[in-house]
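Residue-level listing of the chains:
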Amino acid sequence: MNFTSPRRRFTSAAVAGIALTGLLSACGGSGSGDDAASKSGPVTLPFWGWANGQEAVVKAFNASHKDIQLKYTKVTDQLTMQKQLTNAVKAGNAPCLVQNTAEYVTSWVSQGALADITSYVEGEKDKFNTGAWASAQVQGKLYGVPTSSAPQFTIYRTDIFTKYGLKPPATWDDFIAAGKELKKHNIKITNYAGEDPSTLEVLAMQAGAHWYAIDGDAWKVDFQDEGTLKAAKVIQEIIDNDLNAKLSFADYAAVQRSYDTGATATRQISTWQMAGMVQNFTKSFGDWALAPWPTYRGEAPKTPAGTNLTGSVTLVTEQCKNQEQAAQAALWMSTNQDAVRTMASPETGNGVMPALADSKTYVGESISRKLLGANYEPAQKVVTDSLGTVTTDWTFGPNWTAMFTELQAGWAKVVNKEQKVTDLLAHMQEWTVKDLKSRGISVKG
């Protein structure tokens, strides 16, 4: 949990052809950006992103390429990116390259905003892990190059757990029990930001839920399946017992201070979120350790496909006049050893696990020795093991962006105890079906 924006993914983006009929012709166009090649100079490709370390990667790319140059613009975060890209596409001046995440790929393809770069990159498939490669695809066509994977785990305060005789929670039942014990000492076991419902999404994903699926020639929508209700039960118990803090990521410093001072004792995160901890902590270096993501009782280890920056892709836009060169640049940023190491480090980048087939070799660089102290060596096994239990059958629907915005509004009410999780799920079922139908998309649910 505690997944901040920008948000991410590492999973399949399956789409039925008929489901996108009528949506693929929107937007597009030839574009009039400043990426056109000059007769007397290199091709310049505008590149928008938000991740720490990208400026250094762009500088290295430009130094090693004479015929292609990247012009980097740093966007505030992922949500801002969607808004700015929407405006740019409408204005006909979208950048050539865009950092984004898997859940948005289907939506952008349906709007005609992305270029099919399959012919330029399909030969590089073996360099990437299967799940990450799928995250850049829609209907078997590639619209970008994957940049990161999504190991997920729990990070917890060893000093606090030792002081109160607690073990890292192996199951969600253990997690709740530990939360009740910590509550006696005015410590929250987790934080639910009211604007970030990815907690509900990832616990449902872990439980085997499928909010969107393909059923014949239509989309099937189900926000009330067995897995989602299982997740809802865990979350509701945490909220009902006041085991969670309610700190908004709008005050990022306050969230980090809560962990650093021991007011909140655990997070379910991926490697990249450790970078924010390293950059903001002053008191608790060496007091943190990693443990596997809690399981549902009686079930084998299974971690959700992740959220936020993990599972990022570098997308090529339809308006880019130099799509082949853009695809080449995206490949370089995801495969060049120095570039990958820059982004993998919590100190120089975002601590993201590479999307490469051999990403396990970067585990040691993607986690912080400073943060973990004596727990650094055993933490590497936790991360490596999590890579082998990641969910790979989650599908993002064609209206994911609109759906998630609606989910955010309801989640805030859940966190504030104004409605139950099951109330929100019932609303999302009705709302999502209605929204898809309004877009002319065949839907069941």
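Here is a short report on the structure shown in this document. Keep in mind it's a predicted model, so treat the numbers as computed, not measured.

**Side note on the state of the cysteines**
Counted according to the given criterion, the structure contains 1 disulfide. Across the disulfide from Cys96 sits Cys320; the S-S distance is 2.0 Å. Around the S-S axis, the bridge from Cys96 to Cys320 shows a dihedral of about 85° and counts as right-handed. Placement of Cys96 in the loop between helix 2 (78-91) and strand 3 (97-101) and of Cys320 in the loop between strand 14 (312-316) and helix 12 (323-335) is noted, with a sequence separation of 224 residues between them. Of the residues examined, Cys320 reaches a relative accessible area of 4% and is grouped as buried.

**A look at the side chain of Ser198**
Of note, Ser198 is situated in helix 8 (residues 198-206). A relative accessible area of 0% places Ser198 in the buried class. Polar side-chain contacts of Ser198 include one of 2.7 Å to the side chain of Asp196.

**Quick look at empty space enclosed by the protein**
Tallying each qualifying case throughout the model produces 1 cavity of 30 Å³ or more. Looking at the lining of the largest cavity, the elements with two or more residues in it are helix 1 (54-64), strand 14, helix 12 and helix 13 (337-344). Broken down by element, the residue count for the lining of the largest cavity peaks at 3 residues, all from helix 13.

**Quick look at the environment of Ala253**
Tracing the sequence through the fold places Ala253 in helix 10 (residues 252-260). Judged by its relative accessible area of 41%, Ala253 falls in the partly exposed class. Considering only alpha carbons, one finds Ala253 and Gly276, 23 residues apart in sequence, at a separation of 9.7 Å.

**Structural notes on the environment of Asp242**
Structurally, Asp242 can be placed in the loop between helix 9 (226-240) and strand 11 (244-245). On the basis of relative accessible area, Asp242 is assigned to the partly exposed category, the value being 33%. Counting along the chain gives 59 residues from Asp242 to Lys183, while the straight-line C-alpha distance between them is 8.0 Å. Ignoring anything within four residues of it in the chain, the contact list for Asp242 reads Lys183, Lys188 and Lys417.

**Things to note about the pairing of strand 1 (residues 43-49)**
Taken across its 7 residues, strand 1 has 6 buried, putting it largely inside the fold. Sheet topology places strand 1 next to strand 3; 2 bridges connect them, and they run parallel. Bridge pairing in strand 3 places Trp48 opposite Val98.

**Considering the pattern of salt bridges**
All told, the structure shown has 13 salt bridges when counted by the stated rule. Where Asp215 meets Lys444, a salt bridge forms, and the shortest distance between an N and an O atom there is 3.6 Å. Within this pair, whereas Asp215 is found in strand 9 (residues 212-215), its partner Lys444 is found in strand 15 (residues 443-444), the two being separated by 229 residues in sequence. Note on Lys444: relative accessible area 39%, which makes it partly exposed.

**Focus on helix 12**
In a regular helix each residue adds 1.5 Å, so 13 residues correspond to 18 Å; helix 12 covers 18 Å between its end C-alpha atoms and thus fits that length. Buried residues of helix 12: Gln323, Ala326, Ala327, Ala329, Ala330, Leu331, Trp332, Met333 and Ser334, and no others.

**Some remarks on the packing of aromatic side chains**
Counted according to the given criterion, the structure contains 19 aromatic pairs. Ring pairing ties together the aromatic residues Trp211, Tyr212, Trp219, Phe223, Trp394, Phe396, Trp400 and Phe404, which thus form one cluster. Lys230 extends its terminal NZ or CZ atom over the ring of Tyr296, reaching a point 5.3 Å from the ring centre. The cationic tip of Lys370 hangs over the ring face of Phe285; the distance from NZ or CZ to the ring centre is 4.5 Å.

**Details of the sheet that holds strand 10 (residues 218-221)**
Ordered in space as 9-10-15, the 3 strands form an open sheet in which the pairing is mixed. Two strands bound the open sheet, and with one partner strand each, they are strand 9 and strand 15. By the bridge criterion, 4 bridges tie strand 9 to strand 10 in an arrangement that is antiparallel. Note that in strand 10 the partner of Asp215 across the bridge is Ala218. Along the sheet face, helix 18 (residues 421-438) touches strand 9, strand 10 and strand 15 and points at about 165° away from the line of strand 10.

**Description of the sheet that holds strand 13 (residues 288-292)**
Strand order in the open sheet formed by 3 strands is 12-7-13, with antiparallel pairing between adjacent strands. Across the chains shown, the open sheet's two edge strands, defined by having one partner strand only, are strand 12 (266-269) and strand 13. When the angles between neighbouring strand axes are averaged without regard to direction, this sheet yields 25°. Relative to strand 12, strand 7 (residues 153-157) is paired through 4 bridges, and the arrangement is antiparallel.

**Notes on the nonpolar core**
Proteins that are soluble and globular tend to have nonpolar side chains buried together. Ranked by size, the top nonpolar core spans 57 residues in total, and within it Leu45, Leu70, Leu97, Ile117 and Val121 carry the most contacts. The element that contributes the greatest number of residues to this core is helix 12, accounting for 7 residues. Not counting residues within four places of it along the chain, the set of residues in contact with Ile117 comprises Leu142, Tyr143, Gly144, Val145, Val316 and Ala327. Ranked by size, the runner-up nonpolar core spans 54 residues in total, among them Ala102, Leu166, Ile187 and Val415.

Here is what the cut-offs are and how they apply
Residues numbered from 1 in each chain as written. Predicted model: local features only at pLDDT ≥ 70, side-chain atom pairs only at ≥ 80, totals over all residues. Heavy atoms only, no water. Disulfide = S-S within 2.5 Å. Helix = DSSP H or I, 4+ residues; strand = E, 2+ residues; numbered from the N terminus. Buried < 20%, exposed > 50% of the residue type's maximum accessible area, 1.4 Å probe, protein only. Polar contact = N/O pair within 3.5 Å; in protein donor to acceptor, adjacent residues only side chain to side chain. 1 Å grid on protein atoms, 1.4 Å probe; cavity = no way out; pocket = protein on both sides within 12 Å on 5 of 7 lines; lining within 4 Å. Points joined across faces, edges and corners; volume = space filled by probe spheres on them. Contact = heavy atoms within 4.5 Å. Pairing = 2+ DSSP bridges. Salt bridge = Lys/Arg side-chain N within 4 Å of Asp/Glu carboxyl O. Expected span 1.5 Å × (residues − 1). Phe/Tyr/Trp six-rings, centres within 6.5 Å; stacked < 30°, edge-to-face > 60°. Lys NZ or Arg CZ within 6 Å of the ring centre and 35° of its normal. Axes fitted to C-alpha atoms, helices over the stretch in contact; angles between N-to-C directions. Core = buried A, V, L, I, M, F, W, Y, C linked by side-chain atoms within 4.5 Å.

On their own, these measurements won't tell you what the molecule is for.
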